[in-house]
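Coordinates in review
Read off the chains here:
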Amino acid sequence: MIVFDLEKCIKCRKCEKICPTLAIGFDEFPCLAYPEKCWHCCACIKECPAEAIRLRLPPHIGDQRYEMLVKDEGKSMIFQILFEGRKIDEMEIQVRK
Ligand code: SF4
Ligand code: SF4
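Since we're looking at a predicted model, the values are computed, not measured.

A closer look at unusual backbone geometry
- One non-glycine residue, Leu-22, lies in positive phi territory at about 55°.
- Mapping Leu-22 onto the fold places it in the loop between helix H1 (14-18) and strand E2 (24-27).
- The backbone phi angle of Glu-28 is positive, close to 75°, even though this residue is not glycine.

So this is what it looks like as structure tokens:
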């Protein structure tokens with residue numbers, strides 16, 4: 001499930017605009033207005049300039065304290081696994097453009 005850190009959010013609304021399924025709503029702050037529409041593509045996570053969006057891992061992978069952050073570094077994608085907000089693992093995948 002996509003979760004928002006509203007203390008980090010700068011209200012730029014980029015997540016709302018990039019979401020291909022229109023799952024994100026905005027009313028003062030962004031929220032996952034239509035969770036059933038979210039297909040966990042992580043586009044919103046990559047687009048967020050404040051690193052305020054994360055993918056909470058499903059129960060069969062980890063409990064609620066595990067989250068994933070995705071960063072687009074141009075020539076590579078960075079996938080970070082966080083536990084209670086702290087990075088515990090990282091994977092980098094080269095991107096062919
Ligand atoms: S993960 Fe993809 S489908 Fe889900 S809210 Fe983000 S951009 Fe939309
Ligand atoms: S992209 Fe990030 S900073 Fe911008 S509105 Fe969405 S959550 Fe907030």
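Now, onward.
Digging into the environment of Leu-69
- The topology assignment puts Leu-69 in strand E5 (residues 66-72).
- Each C-alpha atom, one on Leu-69 and one on Lys-46, is 8.1 Å from the other, the two residues being 23 residues apart in sequence.

Re empty space enclosed by the protein
- Applying the stated rule across the entire model yields two cavities of 30 Å³ or more.
- The calculated volume of the largest cavity comes to roughly 90 Å³.
- Lining of the largest cavity is provided by 15 residues; of these, Cys-9, Cys-12, Cys-15, Pro-30 and Cys-48 occupy positions nearest its centre.
- Looking at side-chain class alone, the lining of the largest cavity contains 12 nonpolar, no polar and three charged residues.
- In this model, the second largest cavity occupies a volume close to 80 Å³.
- In this structure, the second largest cavity is lined by 13 residues; those nearest its centre are Ile-2, Cys-19, Cys-38, Cys-41 and Cys-44.
- Considering only residue class, the lining of the second largest cavity consists of 11 nonpolar, two polar and no charged.

Some details on the site of ligand 1
- As a structural note, the neighbourhood of ligand 1 is formed by 13 residues, with Cys-19, Cys-38, Cys-41, Cys-42 and Cys-44 the closest of them.
- The site holding ligand 1 turns out to be the second largest cavity.
- Classifying every residue of the shell around ligand 1 by side-chain character gives 11 nonpolar, two polar and no charged.

Things to note about the nonpolar core
- Counting residues in each nonpolar core, the largest one holds 22 residues, and the members touching the most others are Ile-2, Phe-4, Ile-24, Leu-32, Cys-44, Ile-45 and Ile-53.
- Secondary-structure elements contributing two or more residues to this core are strand E1 (2-4), helix H2 (43-47), strand E4 (53-56), E5 and strand E6 (76-83).
- Ranked by the residues each element gives to this core, the list is headed by E5, at three residues.
- Other than its neighbours up to four places away in sequence, Ile-2 contacts Leu-32, Cys-38, Cys-44, Ile-45, Ile-53, Arg-54 and Leu-55.

Procedures and definitions
Residues numbered from 1 in each chain as written. Chains lettered and ligands numbered in written order. Predicted model: local features only at pLDDT ≥ 70, side-chain atom pairs only at ≥ 80, totals over all residues. Heavy atoms only, no water. Helix = DSSP H or I, 4+ residues; strand = E, 2+ residues; numbered from the N terminus. 1 Å grid on protein atoms, 1.4 Å probe; cavity = no way out; pocket = protein on both sides within 12 Å on 5 of 7 lines; lining within 4 Å. Points joined across faces, edges and corners; volume = space filled by probe spheres on them. Nonpolar A, V, L, I, M, F, W, Y, C, P; charged D, E, K, R; others polar. Near = heavy atom within 4 Å. Sits in = over half its atoms within 2 Å of the grid points. Core = buried A, V, L, I, M, F, W, Y, C linked by side-chain atoms within 4.5 Å. Buried < 20%, exposed > 50% of the residue type's maximum accessible area, 1.4 Å probe, protein only. Contact = heavy atoms within 4.5 Å.

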